[in-house]
Amino acid sequence: MLAGIDLFIIIAYFAGMMILGYYFKRFVGNSEDYFLGGRTLPFWAIGMSVVVSDIGAMDFVGVSGQAYRFGVSVGNFDWIGSVPAMLLAAFIFIPYFWRGGMYTIPEYLGKRYNRSVRTIASLTWITFFAVDLGVLFWATAVLLNVLMGWPVWLSILLTAGVVGFYTYFGGITAVVMTDVVQLIIMFVGGFTLVFLGFHAVGGWDAMVTKIHSMGPEYQQHFHLIQPSDTKSPFPWTGILFGLTFVMANAYMIGNQTIVQRCLTAKNEWHAKASMIFGASLKMLIPVLVMFPGLMAIILHPGLTDGDKALPLMIKNILPPGLVGLMFSAFFAGMMSSVDSLLNSTATLFTKDIYEPYIKKGATDKHYLHVGKITTLILLILGVITSPISSKYPGIYVAVQTFLSYFQGPLFSILLLGIFWKKTTQWGGLSGLIIGIGVAVILNTFKGRFFTIQDPFLYVSWWSFVTGFIVTFIVSLFTSPYPDKKLVGLVYNLTVKKSNP
Amino acid sequence: MEPTDIEKQKRQKAMQINNALGLFILFFGIVVIIAVPFSDNYYDKMTNLVAGVILSGIGGGTIWYAKRVIKSLNIKNTDPKDHES
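Residues numbered from 1 in each chain as written. Chains lettered and ligands numbered in written order. Predicted model: local features only at pLDDT ≥ 70, side-chain atom pairs only at ≥ 80, totals over all residues. Heavy atoms only, no water.

(A) View of the pattern of salt bridges. Residue and element names in this part refer to chain A. Scanning the model with the defined rule gives seven salt bridges over all chains in all. One salt bridge in this structure joins Asp-352 and Arg-118, with 2.7 Å as the shortest N-O distance. Here Asp-352 is found in helix α16 (residues 322-358), whereas its partner Arg-118 is found in helix α7 (residues 115-148), with 234 residues between them in sequence. Take Asp-352 and Arg-118: they sit in the same class, and that class is buried. Its salt-bridge partner being Asp-179, residue Arg-261 comes within 3.1 Å of it at the nearest N-O pair. Here the residue Arg-261 occupies a position in helix α11 (residues 256-262), and Asp-179 occupies one in helix α8 (residues 152-201), the gap between them amounting to 82 residues. (Salt bridge = Lys/Arg side-chain N within 4 Å of Asp/Glu carboxyl O. Helix = DSSP H or I, 4+ residues; strand = E, 2+ residues; numbered from the N terminus. Buried < 20%, exposed > 50% of the residue type's maximum accessible area, 1.4 Å probe, protein only.)

Below, the structure written as structure tokens:
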């Protein structure tokens, strides 16, 4: 059970988030303020927001649990799986999106290819986000039920109420700025846990020696690179091809929730710097979430469920007060994921579907209103659909896996679209559709194609390769747009224009 | 070069946001410091104290910086809603 002071901190956290979010209402005067924060946000806030949106409550517990079971190789997801992609995004892709004054990535695809590509990409994201919202609500509420004993419905309604309140009123400014607070709390609580944990296990050298001496199954725990035939889900082949080459880049460059934050930057320098600053913070994340999992091997050996490692460490290592702060960080993780989904889906719907198809040329106030209403409807839908997840135990993994499938083809057309001026609209359209189709087939018949149980890293790689090859071949046989139309959208054309 | 009124207003908005953030983080720092007497032993007390002071420092520092910049901008009315009209 939590101490009174811990409960007080959690309740104060909820109340504070609502007050803070409502305060940001004063900065929302038009749709650009609501969706892009009026393009006035600084790099440090955006960088923090990018990092914290990437960590949900599930990741907190899941990464510690995987570190408990498989060791440091899980850190690859935040190190090699994020940092190079964030640097690539900072120097190559983000400047394009920012200079183009875009709201969404499908908007870029629409300008580079055609309206069909924009609509398919946008609808895919909207569907994914809308389904993910309910799944996320349920998965996190179940987790909090286990950790804190709160009824599932209480967690859902409480978090939905708080997140919905500040996202509805404050738009992306509230989303980014509440993320800043969430990251600071997460880091202070997390580093305290790691510091006290090291004190408890006798330091790094003692921890390594003790874990190695626990048996043969722990000999690979400190090997960052795992062999291709490893029993863990992180073989080096999957990490390199699936994660580093495709999923990480697709996530950091092609994911609306991430890119939209960078578009809120006050200028191009801030947009680039936000990703670089985010990358530097990202390198610290494994320290916060992975190390407690490793320490728990010594302090709580023999756990059948590795996901209990982090909650046990928090309860046994941290004093009252900081326990409340860390559980607030759990909520923070969930809230930052939900607020990102809400705001990004509202942006995608308003800009890519409502504005071009339903009501063209309306006033800015009207689109602002649509964005707010969409946020509200999504929230209600998320709460209502969340119990469906309980009937399908594998739905959380399925929805997350689906993301890795369509991100590959989407990234392939983004990559070719920016770097090869001869990529045609029909190439992009067929690459996207066939790439997603191949991912679905590979997943459906995964037993025939792959030897490991959960081959999502390999599927994302092959769907990317398919999308890339199809786009390339179809582009060779169809007519590209004239250079004039592609200035500002294709890399070498823009370089030529700025350096005549 | 003297900043324009629009630049001043943008800077003022950024500082008002920082001020609100600082206030929130400072509040949490104080709450963690309040938790010090509720801790069982010396280590727990010191842990809460250090974490609370760090949070309060970040919050207090942010407020101090934001207030200093707002003062240097020399804008009489600090409510952005009023500037829109």
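Back to the text.
(B) Up close: the packing of helix α20 (residues 425-444) of chain A against helix α22 (residues 456-476) of chain A. Residues and elements named next belong to chain A. Interaxial distance between α20 and α22 falls to 7 Å at its minimum, and their mutual angle equals 150°. Regarding the angle of α20 to α22, the classification is roughly antiparallel. At the point where α20 passes α22, the crossing takes the right-handed sense. Every residue of α22 that contacts α20 at Trp-426, Gly-427, Gly-428, Ser-430, Gly-431, Ile-434, Gly-435, Val-438, Ala-439 and Leu-442 is listed here: Val-459, Trp-462, Ser-463, Thr-466, Gly-467, Val-470, Thr-471, Val-474 and Ser-475. For the contact of α20 with α22, the residue count by class is nine nonpolar, 10 polar and no charged. (Axes fitted to C-alpha atoms, helices over the stretch in contact; angles between N-to-C directions. Parallel < 35°, antiparallel > 145°, perpendicular 65-115°, else oblique. Left-handed = near helix turned anticlockwise from the far one by under 90°. Contact = heavy atoms within 4.5 Å. Nonpolar A, V, L, I, M, F, W, Y, C, P; charged D, E, K, R; others polar.)

(C) The packing of aromatic side chains, seen in detail. The final tally for this structure, using the stated rule, is 40 aromatic pairs over all chains. Ring plane angle 45° and centroid distance 5.9 Å describe the contact between A:Phe464 and A:Phe468, whose orientation is recorded as tilted. Pair noted here: A:Phe464 and A:Phe468 are both in helix α22, with a separation of four residues, about one helical turn. Judged by centre distance (6.1 Å) and plane angle (70°), the ring pair of B:Tyr42 and B:Tyr43 falls under edge-to-face. By the burial criterion, B:Tyr42 is exposed, and B:Tyr43 matches it. Members of the aromatic cluster, each reached through a chain of ring pairs, are A:Phe241, A:Phe245, A:Phe411, A:Trp461, A:Trp462, A:Phe464 and A:Phe468. Cation over ring: A:Arg39 sits above A:Trp98, and NZ or CZ is 5.9 Å from the ring centre. (Phe/Tyr/Trp six-rings, centres within 6.5 Å; stacked < 30°, edge-to-face > 60°. Lys NZ or Arg CZ within 6 Å of the ring centre and 35° of its normal.)

(D) Broad picture of the layout of surface pockets. Of the pockets and cavities examined, the second largest pocket occupies roughly 480 Å³. For the second largest pocket, the lining is made up of 24 residues, of which A:Phe191, A:Thr192, A:Phe195, A:Leu196 and B:Thr47 are closest to its centre. Those elements that provide at least two residues to the lining of the second largest pocket are α8 and α15 (309-317) of chain A together with α2 (42-73) of chain B. No other element matches the 10 residues that α8(A) contributes to the lining of the second largest pocket. Tallied by class, the residues present in the lining of the second largest pocket amount to 19 nonpolar, four polar and one charged. (1 Å grid on protein atoms, 1.4 Å probe; cavity = no way out; pocket = protein on both sides within 12 Å on 5 of 7 lines; lining within 4 Å. Points joined across faces, edges and corners; volume = space filled by probe spheres on them.)

(E) Fine view of unusual backbone geometry. Phi at A:Arg39 takes a positive value of approximately 50°, unusual for a residue other than glycine. The buried category is assigned to A:Arg39, whose relative accessible area is 13%.

(F) Main features of the environment of A:Phe198. All names here are of chain A. As for its position among the elements, Phe-198 is in helix α8. A C-alpha to C-alpha distance of 8.9 Å links Phe-198 and Pro-292, two positions 94 residues apart in sequence. Leaving out residues up to four positions away in the same chain, Phe-198 has contacts with Gly-203, Trp-204, Met-207, Phe-291 and Met-295.

(G) Focus on the packing of α8(A) against α15(A). All names here are of chain A. For the pair α8 and α15, the least separation of the axes is 11 Å and the interaxial angle reads 80°. In terms of orientation, α8 lies roughly perpendicular with respect to α15. Each of Leu-193, Leu-196, Gly-197 and Ala-200 in α8 lies in contact with α15, whose residues at this interface are Leu-310, Met-313, Ile-314 and Ile-317. Among the residues forming the contact of α8 with α15, the class breakdown is seven nonpolar, one polar and no charged.

(H) Representation of the side chain of A:Arg261 in the model. Residue and element names in this part refer to chain A. Taking the relative accessible area as the measure of exposure, Arg-261 reaches 1% and is therefore buried. Within the structure, the side chain of Arg-261 is placed 3.1 Å from the side chain of Ser-53, a separation counted as a polar contact. The residues contacting Arg-261, other than those within four sequence positions of it, are Ile-46, Ser-49, Val-50, Ser-53, Val-175, Val-176, Asp-179, Ser-336, Asp-339 and Ser-340. (Polar contact = N/O pair within 3.5 Å; in protein donor to acceptor, adjacent residues only side chain to side chain.)

Scope: geometric values only; no functional claims are made or implied.
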